[in-house]
Every structure is written in structure tokens, then in C-alpha cells.
Amino acid sequence: MPRLPQSFFARPTLTVARELLGQRLVKIEGSKRLGGIITEVEAYIGEKDLACHARAGRTARTDVMYWSAGHLYVYFTYGMHWMICFVTERDGFPAAVLLRAIEAEDGITVMRTRRKKHDHLTDGPAKISQALAIDKRWNGVDVCAADSKLFIESTHNVAASRVIRSPRIGLGSTPEPWLSKRWNFKMNNDE
DNA sequence: GGCCCGATACTCT
DNA sequence: GAGTATCGGGCCC
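Predicted model, so just to flag it, every value in this text is computed and none were measured.

> What exactly am I supposed to notice about the pattern of salt bridges here?
Two side chains of opposite charge can pair, provided their charged atoms sit close to one another. The tally for this structure, following the rule as stated, stands at 14 salt bridges. For Arg24, the salt bridge goes to Asp106, with nearest N and O atoms at 3.9 Å. Of this pair, Arg24 sits in strand S1 (residues 24-29) while Asp106 sits in strand S5 (residues 95-106), placing them 82 residues apart in sequence. Judged on exposure class, the residue Arg24 and its partner Asp106 are both buried. Among the charged side chains, a salt-bridge network with shared partners connects Arg24, Arg33, Glu105, Asp106 and Glu153.

> Honestly, the protein's contact with DNA strand B in this entry has me stumped. Any pointers?
Near DNA strand B, the surroundings consist of Thr59, Arg61, Phe76, Tyr78, Gly79 and Met80. In the environment of DNA strand B, a phosphate oxygen lies 2.2 Å from a nitrogen or oxygen atom belonging to the side chain of Thr59. For the surface near DNA strand B, the per-class residue count stands at three nonpolar, two polar and one charged.

> What exactly am I supposed to notice about the pairing of S5 here?
Walk down a regular strand and you will see the side chains alternate between the two sheet faces. Among the 12 residues in S5, nine count as buried, and that is most of the element. The pairing of strand S2 (residues 32-45) with S5 spans 10 bridges and is classified as antiparallel. Among the inter-strand pairings, Ile45 is bridged to a residue of S5, identified as Ala95. Where strand S4 (residues 81-87) and S5 come together, three bridges link them in antiparallel fashion. By the bridge assignment, Cys85 is partnered in S5 with Leu98.

> What's the story with the packing of aromatic side chains in this structure? I'm lost.
The final tally for this structure, using the stated rule, is five aromatic pairs. Ring plane angle 25° and centroid distance 5.8 Å describe the contact between Phe9 and Phe86, whose orientation is recorded as stacked. Placement of Phe9 in helix H1 (residues 6-9) and of Phe86 in strand S4 is noted, with a sequence separation of 77 residues between them. Residue classification places Phe9 among the buried residues on the basis of a relative accessible area of 1%. Accessibility expressed as a relative area gives 1% for Phe86, which makes it buried. Taken together, the ring pairs in this structure connect Phe8, Phe9 and Phe86 into an aromatic cluster. Over the ring of Phe8 we find Arg11, and its NZ or CZ is 4.7 Å from the ring centre. Over the face of the ring belonging to Trp178 we find Lys181, whose NZ or CZ atom lies 5.4 Å from the ring centre.

Thresholds, definitions, all that
- Residues numbered from 1 in each chain as written.
- Chains lettered and ligands numbered in written order.
- Predicted model: local features only at pLDDT ≥ 70, side-chain atom pairs only at ≥ 80, totals over all residues.
- Heavy atoms only, no water.
- Salt bridge = Lys/Arg side-chain N within 4 Å of Asp/Glu carboxyl O.
- Helix = DSSP H or I, 4+ residues; strand = E, 2+ residues; numbered from the N terminus.
- Buried < 20%, exposed > 50% of the residue type's maximum accessible area, 1.4 Å probe, protein only.
- Near = heavy atom within 4 Å.
- Polar contact = N/O pair within 3.5 Å; in protein donor to acceptor, adjacent residues only side chain to side chain.
- Nonpolar A, V, L, I, M, F, W, Y, C, P; charged D, E, K, R; others polar.
- Pairing = 2+ DSSP bridges.
- Phe/Tyr/Trp six-rings, centres within 6.5 Å; stacked < 30°, edge-to-face > 60°.
- Lys NZ or Arg CZ within 6 Å of the ring centre and 35° of its normal.

If you want it as C-alpha cells, here you go:
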């Protein structure tokens, strides 16, 4: 299966988010392969988007968001959780797609161990990073590099009828119009 | 399934 | 010092 190239990520963030649905996230750990199908993502677009971390401009934390498309932006939140994003658009413009859920397929035994006794392996952004053992060491990694141990495999396109768009999750007191923008993309399971 | 709440440490004000 | 792109446990049905 071909890996998604940088040209995939270097497009409008909403397009990248929509088209990431259904593709397969893969992490290589020695001879093992972990990951699954991407089922939910969210777009964060530019300094004007007041829900986007880049609203505060280019800082030590947000620097990677300004890098060229296809880099990982991995950040820490709530005192204990790591979140995984893919940088999008052109070099110098801060935007990214947050991974919110995948359907676990490969390496389930390893992921189950890392997720303790919990049945929900990868149905939340911080659960994915726990299951895949992703932390700050992965910040700034280029997922389009030929030797990258984390990448996305191109699979099939998801039918438009299966895509659900909603407001983004967990934005709290983010002002309008950003709070209501339907920049969360999710796959409908039925059908 | 749902709601409430505490954990916990980093970032920017 | 306040706020945070969350999770899991306890509880209630």
C-alpha cells in the first residue's frame, strides 16, 4: 500500500481532514505493525482560528505548525495527555489536522497492554497516543519521509454519505464563529 | 448509556 | 495564576 505523500498534506486543511477519513495510520515497531483506519479528525486553521493553538502566534510549542506539510505536531495537554496532529498547507502557515479516533486493526495485543484493561483502545485522541506510545519525541517527525516509522497508507475513498461534519470537541469558551465551525469530520459506522 | 469530577503539568498571560 | 483540542472512576439509572 502506498504511503500518503507530502502533496496530500499540502492542501487546504478541510480537504486533508475530509480525505484522511478511511486511510490507515501505521506505526512500525521493529517487526510489528500497529494502527488502524482513521475514523475521526479535526481541523485547526491559522492564527485567526481562535480554537487553534497558533492563535497566540509562533511560540516554542506551536513552531511545528508553521513547518511544511506532513510533519507531526505532538503536544501535551491536561497535565497528562499527548495529542497527535498532521501539519497541513504551505510552509509558514500554521494549520493541522488532529487525530481523534481510529479503528484499531493491527497490533491489537500490544495496544491492549498499553491501554491496560480498557476495551476502548483508540477511540479518543489521547487513547491513540497511549496505544501507539507516541509522545514529545515524535513532535516534528516527517511522516512523508521514506524511512518514517509512522505514516499513513492510502486505502480507499470514503463515500460522502458516510461523512458527518460537526463542531469541534472540547473548545470550551472559544468565541464564535470558531466554536460552531463544523471542522470535525467523522465516519458513520452504519451502512 | 449518561453525568460529574478529580488528576496533573505545561503554556501563555 | 488561569486555562487546557482528555480520560477514567464512581455513580445513576
